[in-house]
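Fold and contact review
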Amino acid sequence: WTSLFQRKLGVAVGVMTGETTADARLLANPGVILATPEAWDNLSRRWKKRRDVREVDLFVADDLHMVGSSQRPVYEIVVSRMRFISSSTGRPRILGLGTSVANGEDLAGWIGASKQGCVLNFHPSVRPNRLE
């Protein structure tokens, strides 16, 4: 990610480690920040007291197809919290990514993508690699 964003586009890239002080410092510098759901959960829990969390402009929720699996309960909490922050403050915009899912409209509603044309849910037949 560093080569793509930082070297080519000049956008700072940081990776959250789960260490609260270091992660808070990282968040103070605008750019692209990569985080596991657990690291972001730890930092965003006290979002009302953390201005930098409230000022995130874009939150990308990758692997939305994992919602509902026993492996990702923290992920669902984090996405729900970011949706709540978005509805309370007007930011961030939330972009959800995932493989083809049967309940794409439901997931879109959950992250706040209610406008028509905001959801692109492709049929599994258009995938370059077939799902088994």
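Our subject in this report is the structure included herewith. (Residues numbered from 1 in each chain as written. Predicted model: local features only at pLDDT ≥ 70, side-chain atom pairs only at ≥ 80, totals over all residues. Heavy atoms only, no water.)

The subject of this paragraph is the overall build of the chain. Looking only at helices and strands, the chain has six helices and four strands in total. Ordered by position from N to C terminus, the α and β elements of the chain give α-β-α-β-α-α-β-α-β-α. Evaluated residue by residue, the chain yields a buried proportion of 26% over its 132 residues. Sequence separation of at least 24 residues holds for 49% of the intrachain contacts in the chain that already meet a minimum separation of 6. Looking at the chain as shown, the accessible area adds up to about 9100 Å², and 51% of this sits on carbon and sulfur atoms. (Helix = DSSP H or I, 4+ residues; strand = E, 2+ residues; numbered from the N terminus. Buried < 20%, exposed > 50% of the residue type's maximum accessible area, 1.4 Å probe, protein only. Contact = heavy atoms within 4.5 Å. Areas by Shrake-Rupley, 256 points an atom, 1.4 Å probe, with all protein chains shown as cover.)

Within the secondary structure, G18 is located in the loop between β1 (13-15) and α2 (20-27). Given the relative accessible area of 34%, G18 is considered partly exposed. Considered as a pair, G18 and L43 are 25 residues apart in the sequence and their alpha carbons are 8.1 Å apart.

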